[in-house]
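The lines below spell out each chain.
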Amino acid sequence: MKVTVSTRDSQSAPLLEIDDLTKIFHIRQGFASQEFHAVDNASFVIDSDKPEIFAVVGESGSGKTTLAKMILGMESASQGILRYKNRVVNDLSRKEMKTWFYHEVQPVFQDPFAAFSPLKRIDSYLYETAQNYKMVADKKEAPRYINEVLSAVGLTLAEIAGRYPNELSGGQAQRVAIARALITQPSLIVADEPVSMLDASLRMSIVNMFRKLKEDNNVSVIYITHDLATAYYTGDRIAVMLRGWIVEMGPTEQVLGNPLHPYTQNLKSSIPSIRSSEAWEEKIDLAVIEADEYTRTGCKFAGRCPAVMDICHDHVPPSVMHEGRSVKCFLYDETVDAGKKKLLTPAVG
Amino acid sequence: MGTIIETNNLRAYYITKAYGVERTVKAVDDITLRIQEGEVYGIAGESGCGKSTLLRILLGAYQPPLTVVGGEVIYHLDGEEMNAADMTEEEQRDLKWRTISYIPQGSMHVLNPVRRIRDTFHDFISAHRDVTKRESFQLTADYLRDLGLPEKVMASYPHQLSGGMRQRVTIALATILWPKLIFADEPTTALDVVVQRGVIQMLKDVQQREGSTLVLITHDIGVHANLADRIGILYAGKLVEEAATTTILESPRHPYTRYLIESLPSLDSREERLSIPGRPPALDRPPSGCRFHERCPLAMDICKTDEPKLIQIEPGHFSACHVVEEEINREGHSVYA
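Keep in mind that what you see is a predicted model, and the values were worked out from it rather than measured. (Residues numbered from 1 in each chain as written. Chains lettered and ligands numbered in written order. Predicted model: local features only at pLDDT ≥ 70, side-chain atom pairs only at ≥ 80, totals over all residues.)

Helix and strand content of chain A: 13 helices and twelve strands. A burial count over chain A gives 46% of its 349 residues as buried. Considering only contacts in chain A between residues 6 or more positions apart, those separated by 24 or more positions represent 67%. (Helix = DSSP H or I, 4+ residues; strand = E, 2+ residues; numbered from the N terminus. Buried ≥ 20, exposed ≤ 12 C-beta atoms within 10 Å, placed from the backbone. Contact = placed C-beta atoms within 7 Å.)

Contacts between the two partners involve 38 residues from chain A, matched on the other side by 41 residues from chain B. Of all the secondary structure elements, the ones that give two or more residues to the side of chain A that touches chain B are α7 (170-182), α8 (200-217), α9 (228-234) and α11 (262-269) of chain A. In terms of residues, the side of chain A that touches chain B owes the most to one element, α8(A), which gives six residues. Considered class by class, the residues forming the side of chain A that touches chain B number 19 nonpolar, 13 polar and six charged. (Nonpolar A, V, L, I, M, F, W, Y, C, P; charged D, E, K, R; others polar.)

So, on to the packing of helix α4 (residues 122-132) of chain A against α7(A). Residue and element names in this part refer to chain A. Between α4 and α7, the least distance of the axes is 9 Å, while the angle of their chain directions is 10 degrees. With respect to each other, α4 and α7 are oriented roughly parallel. The segment α4 lies against α7, with Ile 122, Tyr 125, Leu 126 and Thr 129 engaging Val 176, Ala 179 and Arg 180. For the contact of α4 with α7, a count of residues per class yields five nonpolar, one polar and one charged. (Axes fitted to C-alpha atoms, helices over the stretch in contact; angles between N-to-C directions. Parallel < 35°, antiparallel > 145°, perpendicular 65-115°, else oblique.)

Moving on, we come to the confidence of the model for chain B. The predicted model of chain B averages 85 in pLDDT, with 97% of residues at 70 or higher. As a predicted assembly, this complex carries a pTM of 0.79 together with an ipTM value of 0.71. (pLDDT = per-residue confidence, 0-100.)

We now examine the nonpolar core. In globular proteins that are soluble, nonpolar side chains generally tend to be buried together. Grouped together as the largest cluster of nonpolar side chains are 175 residues, with contacts concentrated most on Ile222(A), Tyr223(A) and Val240(A). The element that contributes the greatest number of residues to this core is helix α6 (residues 193-210) of chain B, accounting for eight residues. The contact partners of Tyr223(A), leaving out residues within four places of it in the chain, are Ile53(A), Phe54(A), Ala55(A), Ala191(A), Phe210(A), Ala231(A), Thr234(A) and Gly235(A). (Core = buried A, V, L, I, M, F, W, Y, C linked by C-beta atoms within 7 Å.)

With that settled, the discussion passes to the domain arrangement of chain B. Residue and element names in this part refer to chain B. If you check the domain split of chain B, you get domain 1 (3-99 + 180-281) and domain 2 (108-178). When each unit is reduced to the centre of its C-alpha atoms, the spacing between domain 1 and domain 2 is 26 Å. Facing the 13 residues of domain 1 at the interface are ten residues of domain 2. For the side of domain 1 that touches domain 2, the residue count by class is nine nonpolar, one polar and three charged. (Domains from an automatic or database assignment.)

Residue and element names in this part refer to chain A. Pairing is mixed in the open sheet, where eight strands are placed in the order β6-β7-β8-β3-β9-β10-β12-β11. The sheet is open, and its two borders are formed by β6 (105-108) and β11 (319-322), each paired with just one other strand. Direction aside, the axes of adjacent strands within the sheet are offset by 20 degrees on average. When strand β3 (residues 53-57) meets strand β9 (residues 237-242), the two strands line up parallel, connected through four bridges. Residue Val 57 lies in a different strand from β9, and its bridge partner there is Val 240. Each of β6 and β7 (188-192) touches α7; the most contacted strand, β6, lies at about 170 degrees to it. This element, α11, spans β9 and β10 (245-251) of the sheet and lies at about 105 degrees to β9. (Pairing = 2+ DSSP bridges.)

Put into structure tokens, the structure is as follows:
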């Protein structure tokens, strides 16, 4: 199957454009109400010329899923603008969301068995999506079209026809979930932790499939995960999130090959190596209470950062361009007096 | 250092009967293990391969439909040999947490949400020892400080702590009475890498401090690499390979283990990794012969009919595979004699 990028809009317009996107939640304690920014001023652009896999990594509670929900239009942004193919998503009517936006952008979720009702045959989801989005003219045409879509994920309709979700393995069910997303011929798939519920032996087959979809079907993928190894393996670009901030963003090989932000360095050195000779020596600090970091003034990583400076405690670091990626850290901010900076040890890991 | 826990040809099946239809799931099938005192023994395998079932049997915490249909579990504790099947409920309860402890899967959720951490600790300690509240608080504070957990954890409620901190509090809770034998079921699953590293560090600390034995169950080979001394690989209810951690990682012999290790992505290279074809078999109707033969690229005719035996291919390295066995025979026994 060939899914091509729609040419309804001009080619030069970016696919997805996110500008200072922010989501504010309120925590209530008695009468006091405290704001916290689940996603804070996130900005990035995904081009339409060349499909790419954009990986978003971070620990649990870093705002990855909130960001995904905003991109999918499932959560409204508190501030900032989200444009898809030059159209502001917030301004779209409900009808336009259905007839246009969800044709373009489709989700894949973490747990395939939670995404499908156990009481419904799994192929019915494919038929319904095809009919609801008017991808097929009449019912007779549907099986042929669905079979075509399934072949892109390495399945055939005969394999899954009439079967219930529990009769499929996790890997197969996740493939069906991806096939369902492909039915509308989207230009972007937002995949939120798509492999974290899968077995080790099935995980790589899904990750390899995203690579294949990008190359063969011209689909861009926002790949959200906490697993750095698969993010490195698939991602063309990567954004590292910490407590709502994008702390480092750029080409995957540069960001993970030579991380600059102390948090990214920390993340990289924490990946368990399968060469047992490289077991960790030094100890690390963990956050005690998540909300404390969220509501911290200054840099959110200051409490755990090995290179923390005075300025980090009460000022928010700017995002600066450094060695081909943006990094949100005072260490790389040229405007800060060099004398105030403590030197950082070279990248670990 | 002797054996602390052993199983001999252990078979444990889930036997259910519904509307006259009997269904037998062979979750643990003919497993023989010797776990040494003071070692970290890792059990690896995918979900549904019988890891957690094996653990339940080892702990003696099981009830129908899970039934031990053959073999035995023997503890060697305090110079005594005890058959788990013969123990009364009272003896088991006495043994548990004090001598044998268990860190359950998803243990972030085991803490009582309406009690402060220190009260949960008190409940736990006072069930096994005659202590006043003050004594148990003191004991808890000392232990948490030793493990590098911050003081303010004591007075917190579980929901106020981050996931990683809750997990470490649970580990502290499970080990505060210095058990000799600790079982951990997926202690780091669902944690992100930084938190996972903190939890692994702590497990290592706890284990080394008193030279306890740790039986670690996880599907994550990376965690085993950093923690385990020896690894046993389970596939579809069978032990298919067992060796020292470095041997498993550097020269695995069983095709399943080789796939498992080679498919791991790493930050060293972005080269395409192969995934294992097919899917794990259902254990109510396991494949004949070698249970891996349907997914195995090296499968021979004999693999479809005869079950391979676990044989020693070099000192301390066991593998259950006809192909490996044939290779060894061809090379001649003298090599590993």
